[in-house]
Amino acid sequence: MELQERLNDVRARISAAERQSQRPAGSVQLVAVSKTFDAEVIRPAIAAGQRIFGENRVQESQGKWPELKTETPGIELHLIGPLQSNKAADAVALFDVIETVDREKIARAIAGEMKRQGKTVRLYVQVNSGLEPQKAGIAPADTPAFVYFCRNELGLSIEGLMCIPPAEENPGPHFALLAKIARQCRVEKLSMGMSGDYETAVAFGATSVRVGSAIFGAR
Ligand SMILES: *Cc1c(COP(=O)(O)O)cnc(C)c1O
């Protein structure tokens, strides 16, 4: 299959999943995860109308996205990988959404950079739904307090939560947990679901799914 066919297939499956869970058509956004792929591979996805992309490394993104964004206005770029404080300035400059706010230090750095650069970046808090030691994210029990801190101490507007469930577990309970925490925190957006489980995530209320290999192929 060509990239365009794979992209159409993913879009069709998202639409079907929306219908099946009686959610409005178009209520789930597709974030096409283009990490490890070069600009030449990404351009056909842009040509096919895809505008929202996800990357997990700031430095890698700097090598391809400034040019791609100049070529096509209206691209929305999401950072979905861990952010180090020394990359906060670059991340704020390049990305439209940072989905991986996961500790006080990085929240402070992002707040400072947004002020310095006069740029607003939309923010999600990453939740470590499976309490995995090797994975980034705020523990579920600590998330409401962290969201409160970001909003009230730093003046950040947190619009969503993001999670990556443990690879070997049934993702449904993790998606349900993220949705529950979002209600507690009065956060509207839910970034959850990847190539293997995005239809399940739609059923649990995802407002965006992050799909890489099902569109671009194996990495
Ligand atoms: C790589 C990545 C994805 C996409 O994974 P696929 O299984 O290729 O769809 C989604 N979310 C995050 C955080 C990732 O790092």
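Residues numbered from 1 in each chain as written. Predicted model: local features only at pLDDT ≥ 70, side-chain atom pairs only at ≥ 80, totals over all residues. Heavy atoms only, no water.

As recorded by an unreviewed UniProt entry, the protein chain carries the name Pyridoxal phosphate homeostasis protein and is attributed to Rhizobium mongolense USDA 1844. Here the protein chain is described in UniProt, under the heading Function (unreviewed entry), as follows: "Pyridoxal 5'-phosphate (PLP)-binding protein, which is involved in PLP homeostasis." Check the Cofactor (unreviewed entry) section of the UniProt entry for the protein chain; it says "pyridoxal 5'-phosphate". (UniProt positions renumbered as here; feature names shortened; annotations may be inferred.)

**Describing helix H6 (residues 104-117)**
With 14 residues, H6 should reach 20 Å at 1.5 Å per residue; the first-to-last C-alpha distance of 20 Å fits that figure. Along H6, the residues classified as buried are Ile106, Ala107, Ala109, Ile110, Ala111, Glu113 and Met114. For H6, the secondary structure elements touched by its buried residues are helix H5 (88-94), strand S4 (97-101), strand S5 (122-127) and helix H7 (143-152). At the C-terminal side of H6, Gly118 shows a positive phi close to 60°. (Helix = DSSP H or I, 4+ residues; strand = E, 2+ residues; numbered from the N terminus. Expected span 1.5 Å × (residues − 1). Buried < 20%, exposed > 50% of the residue type's maximum accessible area, 1.4 Å probe, protein only. Contact = heavy atoms within 4.5 Å.)

**Points about the packing of H6 against H7**
Close contact between H6 and H7 brings their axes to 11 Å; oriented N to C, the two are set at 25°. Between H6 and H7, the angle falls in the class roughly parallel. Note that H6 runs across H7; the crossing there is right-handed. Between H6 and H7, the contacting residues are Glu104, Ala107 and Arg108 on the first element and Phe146, Phe149 and Cys150 on the second. Residues belonging to the contact of H6 with H7 are distributed by class as follows: four nonpolar, no polar and two charged. (Axes fitted to C-alpha atoms, helices over the stretch in contact; angles between N-to-C directions. Parallel < 35°, antiparallel > 145°, perpendicular 65-115°, else oblique. Left-handed = near helix turned anticlockwise from the far one by under 90°. Nonpolar A, V, L, I, M, F, W, Y, C, P; charged D, E, K, R; others polar.)

**Quick look at the site of the ligand**
Taken together, the neighbourhood of the ligand is formed by Val33, Lys35, Ile80, Met162, Ile164, Met194, Ser195, Arg210, Val211, Gly212, Ser213 and Arg219. At 2.7 Å, a side-chain N or O of Lys35 approaches an oxygen atom of the ligand. Note that an oxygen atom of the ligand is positioned 2.5 Å from one of the side-chain N or O atoms of Ser195. Across the complex, the protein chains shield 89% of the 390 Å² of accessible surface that the ligand would expose by itself. A majority-of-atoms criterion places the ligand in the largest pocket. Among the residues forming the shell around the ligand, the class breakdown is six nonpolar, three polar and three charged. (Near = heavy atom within 4 Å. Polar contact = N/O pair within 3.5 Å; in protein donor to acceptor, adjacent residues only side chain to side chain. Areas by Shrake-Rupley, 256 points an atom, 1.4 Å probe, with all protein chains shown as cover. 1 Å grid on protein atoms, 1.4 Å probe; cavity = no way out; pocket = protein on both sides within 12 Å on 5 of 7 lines; lining within 4 Å. Sits in = over half its atoms within 2 Å of the grid points.)

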